[in-house]
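Working through the structure, step by step
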Amino acid sequence: MGEQVWITGIGAVTPAGWTAAETWSAVAAGKRFGQALRRFPLFDAATKVGAPVPGRELVASEGSHAIEFGIAAAGEALTSAGLAEDEAIDVAIVATHGERQLPGPGRPAQLGKVADIVAAVQGRANAARRTALYGACAGGGLAVGSAAKLIRSGQADIVLAGGTDNLLREIDFFSFCSLYAMTSRDCPPEEASAPFDARRDGFLLAEGSGFVVLESERHARARGAERLATVDGFGFSQNAYHMVASPPDALGPQYAMQRALDDAQLNPADIDYINAHGTSTRDNDWCETLAIRQAFGAEADGIPVSSVKGVLGHSMASAGAIETVLCVQALRDQIAPPTANITVPDPKCDLDYIPNGAREMKLDKIVNNSFGFGGHNASLILGKG
């Protein structure tokens, strides 16, 4: 299996706050952050709600908020890891959608720009290699998994990995409106995201960033770093089924989970909790439920599953990285976070979704799922530090 991969630092910026601690406190408590969107005119859009980062509710969409969020979350992760200010990292892997800005005179390509600026973290650390990764809404999970593979293969000792995204901008918001992908349900804004609930009708668009510092066990021990968690397995797949629709056979997500289990040399019975992608769209939630049943077989009924997107909304390319940060904290505190706003059962969604209240429980191994438009799928297995 190669070197054990340690997570030694975490950082997050989300609708719940500007730190990983604020985010975890809100998620564990089941607080909800959907609100009436005020950042730009909505005209006759069916969707009227979103989940912006606090303090940025009214900020105009010009400029790169993804870079701002990324610098804050990456900086927190590096500080959390206890890295000296002059200590370099081997690689920075940043997942993002790039904010739809095409390159041109005075406008560098946003994907590369995000990777460069977040890797620099205002001079806090330097990365010898850096790359921007695109995997739609699976991007954050793919970034963390790719970092783990680099370390296990001996190609890197320390990697900054995560995602940062801001699609709460006019062009992206109205694009998702045209796809009928976002929620337009007539309900209080805080109830708009309802993963696995029969009333769900689309995701709540959010923004933010999440980063983790991953190290080889050897490197981390040599500098006396604390092990917050381990990355034990990584699986990914590509459906190639449809640009936005979930595969009706659920094989793509199923394969990602099975490959993560194989990579970690674990059995379904070894998994204590699944952090689901759980977007609150009609298709994703039943497809993920089916994929879990197919991947875990008879064990599926006994594994608690929840989606934090009922609390935070869907922050797109950064979601998988933010949820990795949350899984690290869940392992630390031995608390599985709840699925907010689940009150009306859906016969197609019939697992134990930890409805509406966190659950104290023994957590040693967690699966963290991230699935994206275009058929991108990533599953991580995290172990207790």
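Note that the structure is predicted; figures quoted are calculated from it, not measured.

Time to look at the overall build of the protein. Summing up its helical and strand segments, the protein has ten helices and 14 strands in all. Radius of gyration (C-alpha) of the protein: 19 Å, near the 21 Å computed for a compact globule of 385 residues. With respect to the principal axes defined by its C-alpha atoms, the protein has extents near 55 × 55 × 40 Å. Taking all 385 residues of the protein together, the buried fraction comes to 61%. For the protein, long-range pairs separated by at least 24 residues make up 80% of all intrachain contacts whose partners lie at least 6 apart in sequence. As displayed, the protein offers around 13,900 Å² of accessible surface, 52% of which is attributable to carbon and sulfur atoms. Each charge class in the protein was averaged separately, 32 positive and 44 negative side chains, and the resulting centres sit 2 Å apart.

Here we take up the sheet that holds strand β9 (residues 273–275). In spatial order, the strands read β5-β4-β6-β7-β1-β8-β14-β13-β9-β10; together these ten strands make up an open sheet with mixed pairing. With partners counted over all chains shown, the strands left at the sheet margins are β5 (127–133) and β10 (305–306), one partner each. Pairing of strand β1 (residues 5–13) with strand β8 (residues 229–238) involves three bridges; the strand directions are antiparallel. Bridging across to β8, Val5 finds its partner in Val231. Running at roughly 165 degrees to strand β13 (residues 365–372), helix α10 (residues 319–333) makes contact with β1, β6 (158–166), β7 (207–216), β8, β9, β13 and β14 (376–384) of the sheet.

What follows is about the nonpolar core. Here is a general trend for soluble globular proteins: nonpolar side chains tend to be buried in one another's company. Counting 52 residues, the largest nonpolar core has Ile7, Ile10, Ile93, Val159, Leu214, Val231 and Leu312 as its most contacted members. Counting contributing residues per domain, this core is built from domain 1 (5–223) and domain 2 (231–384), each supplying no fewer than three. Beyond its immediate stretch of four places on either side in the chain, Val159 contacts Val91, Ile93, Ala147, Ile151, Val212, Val213 and Leu214. Formed by 25 residues, the second largest nonpolar core is a distinct cluster that contains Leu266, Ile274, Ala276 and Cys349.

As a further point, take the packing of aromatic side chains. Taken as a whole and assessed by the stated rule, the structure comprises nine aromatic pairs. Consider the rings of Phe40 and Phe174, whose centres lie 6.2 Å apart with planes at 55 degrees: the pair is tilted. Linking Phe40 in the loop between β2 (35–36) and β3 (49–50) with Phe174 in helix α5 (residues 170–178), this pair joins segments that are 134 residues apart in sequence. Ring centres 5.4 Å apart and planes at 80 degrees place the aromatic pair Phe176 and Phe203 in the edge-to-face group. Of the two residues, Phe176 is situated in helix α5 and Phe203 in the loop between α5 and β7; the sequence distance between them amounts to 27 residues. Site record: aromatic cluster; members linked through ring pairs are Phe40, Phe43, Phe173 and Phe174. The side chain of Arg227 reaches across the aromatic face of Trp6, ending 5.2 Å from its centre. Against the face of Trp286 rests Lys348, its NZ or CZ located 5.4 Å from the ring centre.

To continue, consider helix α1 (residues 20–29). Along α1, the residues classified as buried are Ala20, Thr23, Trp24, Ala26 and Val27. Taken down its axis, α1 places every buried residue within 165 degrees of arc, on the same side. Within α1, the exposed residues directed more than 90 degrees away from the buried face are Ala21 and Ala29. Buried residues in α1 make contact with β1, α2 (65–80), α9 (309–312), α10 and β11 (335–336). One or two positions beyond α1, positive phi appears at Gly30, with a value near 75 degrees.

Below, the discussion takes up the packing of helix α7 (residues 251–264) against helix α8 (residues 282–296). Packing of α7 against α8 leaves a shortest axis separation of 8 Å and a crossing angle of 40 degrees. By the angle class used here, α7 and α8 are oblique. Judged by the sense of rotation from one axis to the other, the crossing of α7 with α8 is right-handed. For the pair formed by α7 and α8, the contact residues are Leu251, Pro253, Gln254, Met257, Gln258 and Leu261 on the first element and Cys287, Ala291, Ile292, Gln294, Ala295 and Phe296 on the second. Its residues assigned to classes, the contact of α7 with α8 shows nine nonpolar, three polar and no charged.

Moving on, we come to the domain arrangement of the protein. Looking at the protein, the domain boundaries give domain 1 (5–223) and domain 2 (231–384). A separation of 18 Å is found between the C-alpha centroids of domain 1 and domain 2. Taken together, the contacts link 70 residues of domain 1 with 64 residues of domain 2. Between domain 1 and domain 2, the buried area comes to about 5,000 Å², and carbon and sulfur atoms account for 69% of it. Counting every contact that joins domain 1 to domain 2 gives three salt bridges. As a salt-bridge pair, Arg152 and Asp263 come within 2.7 Å of each other at their nearest N and O atoms. Of all elements in the fold, only β1, α1, α4 (139–152), β6 and β7 reach the threshold of two or more residues within the side of domain 1 that touches domain 2. Examining the composition of the side of domain 1 that touches domain 2, we find that ten residues originate from one element, α4, more than from any other. Residues of the side of domain 1 that touches domain 2, tallied by class, amount to 38 nonpolar, 20 polar and twelve charged.

Thresholds applied
- Residues numbered from 1 in each chain as written.
- Predicted model: local features only at pLDDT ≥ 70, side-chain atom pairs only at ≥ 80, totals over all residues.
- Heavy atoms only, no water.
- Helix = DSSP H or I, 4+ residues; strand = E, 2+ residues; numbered from the N terminus.
- Rg over C-alpha atoms; globule rule 2.2 N^0.38 Å.
- Buried < 20%, exposed > 50% of the residue type's maximum accessible area, 1.4 Å probe, protein only.
- Contact = heavy atoms within 4.5 Å.
- Areas by Shrake-Rupley, 256 points an atom, 1.4 Å probe, with all protein chains shown as cover.
- Lys, Arg positive; Asp, Glu negative; His and termini not counted.
- Charge placed at Lys NZ, Arg CZ, Asp CG, Glu CD.
- Pairing = 2+ DSSP bridges.
- Axes fitted to C-alpha atoms, helices over the stretch in contact; angles between N-to-C directions.
- Core = buried A, V, L, I, M, F, W, Y, C linked by side-chain atoms within 4.5 Å.
- Domains from an automatic or database assignment.
- Phe/Tyr/Trp six-rings, centres within 6.5 Å; stacked < 30°, edge-to-face > 60°.
- Lys NZ or Arg CZ within 6 Å of the ring centre and 35° of its normal.
- Arc of directions from axis to C-beta.
- Parallel < 35°, antiparallel > 145°, perpendicular 65-115°, else oblique.
- Left-handed = near helix turned anticlockwise from the far one by under 90°.
- Nonpolar A, V, L, I, M, F, W, Y, C, P; charged D, E, K, R; others polar.
- Buried area = accessible area lost by both parts, 1.4 Å probe.
- Salt bridge = Lys/Arg side-chain N within 4 Å of Asp/Glu carboxyl O.

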